[in-house]
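# Summary of structural features
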Amino acid sequence: MERRASSPVIKYHAAARTGGDARLSIDKSDNLRILMSNFSIGVDLGGTNLRIAAVDENGTLLEKVTLGTGVSRGRARVIQDMCDAIHRLAKQYEKKFSLLGVGIGIPGIIDLQTGVMRESPNLPGWEGASVKDEIEKCLQSRPIVDNDANVAALGEKWLGAGKQVDHLAILTLGTGVGGGLVLNGRIWAGMSGMAGEAGHTTVEPDGVKCGCGNRGCLEQYASATAIVRMAKEAVAAGAPGLRVAAGSDAEFSARAIYNLAIQGDEDAKKIFHQVGRCIGIVLSNLVNILNLPMYVIGGGVCSAWEAFAPAMFEELRLRSMVYAATAPDSSSESLSSESMGASAKIESTGPTRTIITRALLGSDAGLYGAARLPMIMGS
Ligand SMILES: [Zn+2]
């Protein structure tokens, strides 16, 4: 269908008033060259860093501001800092472009209907707060607020690993494990915005107690925090290489444990085998339930891909007949030839493939995804 270059902007504003149609219209415009670009402001509110960016509709970063969140100063100060930076960026770029809105990714579970934070492990003192209302009051306009992993999924869909697909799921492996779903180019929020919490699905029924109240969540086996915990447990059980690392590295970080694993330390390798196995279990469930074309692994722990991916793919092949039927014929997967799970039952025949891949945008996924929110949802 032929369109004039200026039509996406007009269509967006017209469609925004009619709800869901806005997203459809802007998705269809993705491949069009937009001559006069609008922009929006995205915020990645983390427990450590508060980052604010002005991004135009083509995904071009106009400016990025990074501030320390300073959670100990209290919620009001953090929100004030955020709004000050948003106002400055808005003033700066509204000279040339039209501001579509402000999108904010927040770590924790937020009720999208009420804007109330339900869980916020990385933002102490934010639980139960009417975060959206508080930001709106300070900002003098209504922001679009969503969970940080959901927003990262949207960022990867827009400009990262998922550019070529309409649907994807993401697992973000960091201090905790987040999860997000994008279906038809839009975040699948569920009934009240709490969908996609794959980090709190069970991989060990009687496993380690999780902060969410459950036992054996993925987060307890695949986060940076979990890797350090498992290493400390191994040290207590006598692992010599890890004991030396723990003694010489004040932080005894997940990275130090990864370095040991790639140097061949058996105890460190076992930890990443467990990480990969648990991610593989959750992915196999997601693949069987959703049959999406792409699953993206992001977050800081993703840089240990080499150490955990072989066990992850092995587990996927064993546990998911859907994955076995749709896995790409790629030597990039480290597969065990003696795997006799679902892959032994179903041969890959169709042209469609399930892609499991690393995130491409790194820590910027959430920032771009947050900026994308006003572009596809209206403000
Ligand atoms: Zn949990």
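Residues numbered from 1 in each chain as written. Predicted model: local features only at pLDDT ≥ 70, side-chain atom pairs only at ≥ 80, totals over all residues.

### So, the overall build of the protein chain
Summing up its helical and strand segments, the protein chain has 14 helices and 12 strands in all. For the protein chain, the proportion of its 379 residues judged to be buried stands at 48%. Of the contacts formed within the protein chain by residues at least 6 apart in sequence, a portion of 63% connects residues at least 24 apart. (Helix = DSSP H or I, 4+ residues; strand = E, 2+ residues; numbered from the N terminus. Buried ≥ 20, exposed ≤ 12 C-beta atoms within 10 Å, placed from the backbone. Contact = placed C-beta atoms within 7 Å.)

### A short note on the sheet that holds strand 9 (residues 177–183)
Across the sheet, which stays open at both edges, the 5 strands sit in the order 10-9-8-11-12 with mixed pairing between neighbours. Every other strand in the sheet has two partners, leaving strand 10 (186–187) and strand 12 (355–358) as the edge strands with one partner each. As judged from the 4 bridges shared by strand 11 (residues 294–298) and strand 12, these two strands associate in the parallel manner. Residue pairing across strands places Val296 opposite Thr357, the latter belonging to strand 12. Helix 5 (residues 148–159) contacts strand 8 (168–173), strand 9, strand 10 and strand 11 of the sheet and is inclined by roughly 50 degrees relative to strand 9. (Pairing = 2+ DSSP bridges. Axes fitted to C-alpha atoms, helices over the stretch in contact; angles between N-to-C directions.)

### Considering helix 3 (residues 75–93)
With 19 residues, helix 3 ought to run about 27 Å at 1.5 Å a step, and its terminal C-alpha atoms sit 27 Å apart, in line with that. For helix 3, the complete set of buried residues consists of Val78, Ile79, Met82, Cys83, Ala85, Ile86, Leu89 and Tyr93. One side of helix 3 carries all its buried residues, which in axial view fall inside an arc of 165 degrees. The exposed residues of helix 3 that point more than 90 degrees off its buried face are Ala76, Lys91 and Gln92. Contact partners of the buried residues in helix 3: strand 1 (39–45), strand 2 (49–56), strand 3 (61–68), strand 4 (99–106) and helix 4 (131–139). (Expected span 1.5 Å × (residues − 1). Arc of directions from axis to C-beta.)

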